[in-house]
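So the chains spell out like this:
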Amino acid sequence: MKIAVLGAGTYGSYVINSLIEKYPKSEITLFDVGDKHVKSEEEIGFFSSLKKSMYKGLTDGRYFGFGGASDKWGGQLLTYTDNDFAHPDDFMRDVIRLDKKSKDEMLSKFNIENKFPENNVSDKLFTKTGVWLSALHRNFFHWFKINKRKQVRILSHCRVVKLDSKDGKTIDAVVYKENGEEKHQSFDFYFLTAGAFESVRILLSSGLTKSDKVYFSDHLSQKVFKVKETTKIGNEDYVFRMRGTSLITKRMIGEVDDCSFYIHPVFNLKFPFFESVKEVLFKHHFEWKYVWNIFKDIPNVIGFAWAVLVLRRMYVMNNEWFLYIDIENPSKDNYVMLSAKTDKFGVPGLDVYYEAGKDAEAIFIKAKDIAIEHLNACGSDYEVLAEKINVQTCEDIYHPYGMFDFRNVEDYYSRWSNMLVVTTGCLSRSGGINPTASMLPVVDDFISEYLSTKLC
Ligand SMILES: Cc1cc2nc3c(=O)[nH]c(=O)nc-3n(C[C@H](O)[C@H](O)[C@H](O)COP(=O)(O)OP(=O)(O)OC[C@H]3O[C@@H](n4cnc5c(N)ncnc54)[C@H](O)[C@@H]3O)c2cc1C
């Protein structure tokens, strides 16, 4: 069976590992626009423009090359349970079912275990504990040793530009550009794993979407509280803990008017040394000024080292920390479409339209009130930093979702007869989590239960 994987990033690498586990004899061709040097949108030469938009997910949240965004990400692997949504649609209900069924098996592929229970801390909030990938092994392409798999032929510097399909249902060939030359190759099955926005750009360019606009949403985030003295709220301790080189973190999740929100702790906001550590660990970016940051604030650096190396927990500078509230942007009006402008490869870029929904502020205020109610009930010492929440100034957290309208997973698996699109964009809600890992049990279910029926 000849399979094409279009994109060597987070999902592409996971897909290949699962394919080889199930079908050790598969012949896989992996296309990637980049190589082992992971690049940003500007560096690789893709184009996106912001029309009426505050969304920087394409310019600042996309990475290209082996491992894709997993080369730079936090690596927090979270999945859904029945607690996440009061009224999930059928697709999300299926995702929840598969997450519950296969979470442990999926996490074991990363040598991770997460048996932490979710606790109801009030009638409106529950906790979810996250286990992160080891700080030293975040890149899925390297973790799954994709370049050492004999079943995989890697075509680097090959930009997939579109898919040929006569009937809109079956993919006849992948069209890609190599050294400026357009080429075609045909396969039995295709996994489209080029990242949420580029996958959509490829579908738009191929006439494989229902309209010339693809709608999406994402989280909106804002710093809301400063908490003092203790990292405990009630019986729950929100300080990050270390397990090996991995982090264990905790958040509170709730829902108002079928819109999810999560309240999560952030530490050491004004601690230059900590910022330097994050830059080096997550972004693999080093500057000499980071060394100077050690000497600028020796007492806090010693406290940090003691907390991390001896106490195995996050240091809390000045005994103060912050709570952010992130909500699902309750807007159905945000979309991408093909741009009139072409990029370095001579193919159309994307225009991005994105605003906070008109109900966003009301949702934020309700979420904030739920948080205050809980902080008061627990007798916490806190300060409200954002009285009136101005959602226009929110920083974005990039978890695009809601790009498709799959009725359920059967519909998802069969939308195209010989292709599966794998991105967080397939989720109709992203809830109160960073949702990348929630799709992995779905991928495994497709490969183990459905792929063979497609190839008959
Ligand atoms: C800083 C940061 C931190 C994050 N932290 C977390 C977290 O802790 N937990 C979490 O769940 N999520 C997190 N995310 C989100 C997460 O990184 C993404 O959801 C996930 O990486 C998406 O995977 P993907 O395979 O769709 O895209 P990518 O991993 O970006 O892979 C896309 C791949 O396709 C290739 N490609 C692109 N276009 C083409 C083309 N036309 N032809 C050929 N190849 C192409 C690219 O080179 C790349 O290798 C974070 C994101 C960022 C930016």
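Not measured: the values here are computed from a predicted model.

K.L.:
I would appreciate a short explanation of the overall build of the chain in the present structure.
P.N.:
Summing up its helical and strand segments, the chain has 12 helices and 25 strands in all. On C-alpha atoms alone, the chain measures out to a radius of gyration of 22 Å, which is about the 23 Å that the 2.2 N^0.38 rule sets for 456 residues. Projecting the C-alpha coordinates of the chain onto the three principal axes gives extents of approximately 65 × 45 × 45 Å. Burial statistics for the chain: of 456 residues in total, 58% are counted as buried. Summing over all exposed atoms, the chain offers an accessible surface of approximately 19,600 Å²; the carbon and sulfur share of this is 51%.

K.L.:
Sorry, what's going on with the sheet that holds strand β10 (residues 173-178) here?
P.N.:
Whenever strands of a sheet pair, they do so through backbone hydrogen bonds, lying parallel or antiparallel. Sheet architecture is open: 3 strands sit in the order β9-β10-β11, paired in antiparallel fashion. Each edge of the open sheet is held by one strand with a lone partner, namely β9 (158-164) and β11 (181-185). In this sheet, adjacent strand axes meet at a mean angle of 30° when their direction is disregarded. Of the strand pairs in this sheet, β10 and β11 are connected by 5 bridges, and their pairing is antiparallel. Looking across to β11, one finds that E178 is bridged to E181.

K.L.:
Could you clarify how one ought to interpret the nonpolar core in this entry?
P.N.:
Across soluble globular proteins, nonpolar side chains have a tendency to be buried as a group. Core analysis: the largest hydrophobic core is formed by 136 residues, its most contacted members being F31, F110, L163, F191, I325 and Y412. The dominant element in this core, judged by the number of residues it contributes, is helix α10 (residues 360-377), at 8 residues. One finds V33, F46, V175 and F345 within the second-largest nonpolar core, a separate group that totals 8 residues.

K.L.:
Even after reading the chapter, I still don't get a nonpolar patch on the surface, so can you show me in this structure?
P.N.:
A grouping of W292, F295, I298 and I302 is seen on the molecular surface, where their side chains present a nonpolar patch of about 460 Å² in accessible area. Note that I302 resides in helix α9 (residues 298-311). Among the residues examined, I302 registers a relative accessible area of 56% and is labelled exposed.

K.L.:
Would you mind showing me how to read the site of the ligand here?
P.N.:
T10, D32, G65, E198 and T436 are the nearest of the 33 residues found near the ligand. For the ligand, a nitrogen atom lies 3.1 Å from a polar atom in the backbone of V33. Between a nitrogen atom of the ligand and a side-chain N or O atom of R159, the distance comes to 3.2 Å. Protein coverage of the free-state accessible area of the ligand, which is 1,000 Å², stands at 90%. Listed by contribution, the elements that provide at least two residues to the shell around the ligand are α1 (10-22), β5 (63-64), β9 and α6 (196-205).

K.L.:
Before we go on, may I ask you to explain the packing of helix α7 (residues 272-283) against helix α8 (residues 289-296) in this structure?
P.N.:
For any two helices packed against each other, the geometry is given by the interaxial angle and the distance between the axes. At a closest axis distance of 8 Å, the pairing of α7 and α8 adopts a crossing angle of 150°. The pairing of α7 with α8 is recorded here as roughly antiparallel in orientation. As α7 packs across α8, the resulting crossing turns out to be left-handed. When α7 is examined against α8, the residues P272, F273, S276, E279 and V280 are found in contact with a partner set consisting of Y290, N293, I294 and K296.

K.L.:
Any chance you could explain α6 here in plain terms?
P.N.:
Since the α-helix packs 3.6 residues into each turn, any two residues three or four apart lie on the same face. Of all 10 residues in α6, 9 are buried; the element is thus mostly enclosed. By the burial criterion, the buried members of α6 are A196, F197, E198, S199, V200, R201, I202, L203 and L204. Count one or two residues on from α6 and you reach G207, which has phi positive near 70°.

K.L.:
Please clarify how the sheet that holds strand β13 (residues 213-215) should be interpreted in this entry.
P.N.:
Taken together, the 4 strands give an open sheet; going across it, the order is β4-β22-β21-β13, and neighbouring strands pair in mixed fashion. In this open sheet, the two edge strands, each paired with only one partner strand, are β4 (48-51) and β13. If you compare each strand with its neighbour and ignore which way they point, the axes differ by 35° on average. Bridge count for β4 against strand β22 (residues 348-353) is 4 bridges, and the pairing is parallel. Bridging across to β22, S48 finds its partner in L350. Strands β13, β21 (335-342) and β22 of the sheet are contacted by α6, whose axis makes an angle of about 70° with β21.

K.L.:
Would you take a moment to explain the packing of aromatic side chains for this structure?
P.N.:
Two aromatic rings are characterised by how far apart their centres lie and by the angle between their planes. Enumeration over the complete set of coordinates arrives at 36 aromatic pairs. Taking 4.5 Å as the distance between ring centres and 20° as the angle between the ring planes, the aromatic pair formed by F66 and F141 counts as stacked. With a gap of 75 residues between them, F66 in the loop between β5 and β6 (76-77) and F141 in helix α5 (residues 140-143) connect regions that are remote in the sequence. An angle of 45° between the planes, with centres 5.7 Å apart, marks the rings of Y412 and Y413 as tilted. You'll find Y412 and Y413 in the same group, each marked buried. Cluster of aromatic residues (ring-pair linked, three or more members): F91, F189, F191, F404, F406, Y412, Y413, F446 and Y450. For R159, the ring lying beneath its charged end belongs to F345, and the centroid distance is 4.8 Å.

Calculation criteria
Residues numbered from 1 in each chain as written. Predicted model: local features only at pLDDT ≥ 70, side-chain atom pairs only at ≥ 80, totals over all residues. Heavy atoms only, no water. Helix = DSSP H or I, 4+ residues; strand = E, 2+ residues; numbered from the N terminus. Rg over C-alpha atoms; globule rule 2.2 N^0.38 Å. Buried < 20%, exposed > 50% of the residue type's maximum accessible area, 1.4 Å probe, protein only. Areas by Shrake-Rupley, 256 points an atom, 1.4 Å probe, with all protein chains shown as cover. Pairing = 2+ DSSP bridges. Axes fitted to C-alpha atoms, helices over the stretch in contact; angles between N-to-C directions. Core = buried A, V, L, I, M, F, W, Y, C linked by side-chain atoms within 4.5 Å. Patch = residues over 30% accessible without salt bridge, like charges linked within 9 Å, V, L, I, M, F, W, Y side chains within 5 Å. Salt bridge = Lys/Arg side-chain N within 4 Å of Asp/Glu carboxyl O. Near = heavy atom within 4 Å. Polar contact = N/O pair within 3.5 Å; in protein donor to acceptor, adjacent residues only side chain to side chain. Parallel < 35°, antiparallel > 145°, perpendicular 65-115°, else oblique. Left-handed = near helix turned anticlockwise from the far one by under 90°. Contact = heavy atoms within 4.5 Å. Phe/Tyr/Trp six-rings, centres within 6.5 Å; stacked < 30°, edge-to-face > 60°. Lys NZ or Arg CZ within 6 Å of the ring centre and 35° of its normal.

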